[in-house]
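What follows is the residue order along each chain.
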Amino acid sequence: MPVANSRVEKDSLGQLELSADVLYGINTHRSLANFPLSGRSITTWPDFIYAFATVKQATALANLEIGCLTAEQADAISAACEEIKIGKHDAHLVVDMLEGSGGTSTNMNMNEVIANIAAKSAGRALSDYSFVHPNDHVNLGQSTNDVVPTAMKLAAYRAMAEPLHNLRKLAVALSTKCEEYKSIFRLGRTCLQDAQPMTLGQAFGGYEAVVQRHADHLDAIRQQLLTVPLGATAIGTGFGSQPGYKAAVFRHLSSLFNTKVHPTSNAFDGMQNMDTCARLSGELRNTANTLWKIANDLIILSSGPNGGINEITLPSVQAGSSIMPGKVNPVIPIAVCQVALAITGNDTAIAMGCQQGLLEINHFELLVCDRLLDSIRLLGGAADIFARRCIDGILANEDVSREHLLASSALATALVPALGYAQVSSIVREALAEERPFLDVVVEQGLLTKDEIMGIVQRSAHGDSV
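Here we summarise the structure given alongside this text. Keep in mind that this is a model prediction, so the values were computed, not measured. (Residues numbered from 1 in each chain as written. Predicted model: local features only at pLDDT ≥ 70, side-chain atom pairs only at ≥ 80, totals over all residues. Heavy atoms only, no water.)

### Quick look at the overall build of the protein
- Along its length, the protein carries 18 helices and 8 strands.
- Expected size for 466 residues packed as a compact globule is a radius of gyration near 23 Å; at 30 Å, the protein overshoots this value by more than 25%.
- Projected onto the principal axes, the alpha-carbon positions of the protein cover approximately 100 × 50 × 35 Å.
- Classification of the 466 residues of the protein by burial places 50% in the buried group.
- Within the protein, contacts between residues separated by at least 24 positions form 72% of all contacts whose residues are at least 6 apart in sequence. (Helix = DSSP H or I, 4+ residues; strand = E, 2+ residues; numbered from the N terminus. Rg over C-alpha atoms; globule rule 2.2 N^0.38 Å. Buried < 20%, exposed > 50% of the residue type's maximum accessible area, 1.4 Å probe, protein only. Contact = heavy atoms within 4.5 Å.)

Below, the structure is given as structure tokens:
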């Protein structure tokens, strides 16, 4: 007999006692014992829950349309899904993100919660599935194998809105600095050695261009996530769904998701392969690594202030040391670099998960979903703080930049057309031997005035002929 404050459910493996007030059922309960792994439930990712509930809602409406559910059943399922989408029942969506059932535990957790919400709203006892059954009604025409990859792709599509927005904001911030510092000359460097004159604005213009390009690539891959295998059921045949279901479910899914969602052109391909997720992950990694490169540049250029380059000053957002008074560290660029490391690790896990599909399905989809959504969240956050807490507040130290440029033999290349290679080489050797600025030697020998040299530098830095 069940103890007080509990109820009993049965399945093919036997019966179990569940707490009287939980909305999940026996399948979910078994998963809690089987997969106590990450400590993070599927509600870690609200976009995944939203997409999953939307898929269940679309299937109910499709099954109503083709006469496989009554209006009362479809309305009850749809209403439950609306509540789940806004997070009202997160406490009952408890399966671990790294559950090892190929997504079945996750799918059944959703099915059971929807069925019990429907029972409760109809005045029935929890676990009374005579009105709406988790398998017979909520899961009608579906398999875990087509529902989970559909939900995870739509979740990633939805989640990508924020990083794309933040990357474009970052590009605007970099463009602003490009314009602000277009006339500040600095010493360009290759292999961390003096190279050629350029402007600080040109450096920021390069950063803007690459960030914008990554945003465009990510947006293009994002659109591919709208092609999903829903309707393929267990292995791609569509077996278990009724005539007219697939067309109806995509109409309702597109309407609910407020964008056109497409079925895969080959259902077996859609079930077997996760290359779109791998492609998105790879581009997230590429983008993060580009932000890492920019962040490292800013760390180097702001180094000092007395023992480093000190050509820019980053915003002071917090104290840099618990023991060294007044020290300020480049904490935002460092955080951006750490994000890139984490996303690179995620991409490795995703690549391995995607390549491990066996025969008709890939049973590592929850790992891929978890790591992909983590990378999306990390990149969005990094792009946001990089723009707001760092790029917007950067100040150019113009005098330091000018001093570094004028003291360097990097001016030599710009003067070759005016003075000739041999003469410029001789001046460089003389300046190095005497440990004097190259510019001083040129002016002292009466070859050019300082204003003439700067005019040449300005024209060459902007790509004009000397």
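### Comments concerning the pairing of strand β1 (residues 6–11)
- Where β1 lies against strand β2 (residues 14–19), 6 bridges are found, and the strand directions are antiparallel. Residue pairing across strands places K10 opposite Q15, the latter belonging to β2.
- Hairpin connection of β1 to β2: 2 residues between the antiparallel strands. (Pairing = 2+ DSSP bridges.)

### As for the packing of aromatic side chains
- Enumeration over the complete set of coordinates arrives at 4 aromatic pairs.
- Each ring, one from F48 and one from F52, has its centre 5.5 Å from the other, and the planes form 75°; the classification is edge-to-face. Taken together, the residues F48 and F52, both in helix α2 (residues 46–65) and 4 residues apart, mark about one turn of the helix.
- Classification of F48 as buried rests on a relative accessible area of 0%.
- With a centroid separation of 6.5 Å and an interplanar angle of 45°, the aromatic rings of Y181 and F204 are classed as tilted. Of this pair, Y181 sits in the loop between α7 (161–180) and β3 (185–190) while F204 sits in helix α8 (residues 200–224), and the two are 23 residues apart along the sequence. The two residues Y181 and F204 agree in class, both being buried.
- In this structure an aromatic cluster arises from ring pairing among Y181, F204 and Y207. (Phe/Tyr/Trp six-rings, centres within 6.5 Å; stacked < 30°, edge-to-face > 60°.)

### Notes on the pattern of salt bridges
- Per the counting criterion, the structure on display carries 23 salt bridges.
- A single salt-bridge network, built from bridges that share partners, covers R40, D370, R371 and D374. (Salt bridge = Lys/Arg side-chain N within 4 Å of Asp/Glu carboxyl O.)

### Some points on the nonpolar core
- By size, the foremost hydrophobic cluster in this structure holds 109 residues, and its most contacted members are F48, L280, L298 and F386.
- For this core, the element with the most residues is helix α13 (residues 365–389), which contributes 11 residues.
- Mapping this core onto the domain boundaries places at least three of its residues in each of domain 1 (6–140) and domain 2 (159–226 + 272–398).
- Beyond its immediate chain neighbours, meaning those up to four positions away, F386 contacts L170, L291, I294, A295, L298, I332, V336 and I391.
- Formed by 23 residues, the second largest nonpolar core is a distinct cluster that contains L406, I427, V428 and V457. (Core = buried A, V, L, I, M, F, W, Y, C linked by side-chain atoms within 4.5 Å. Domains from an automatic or database assignment.)

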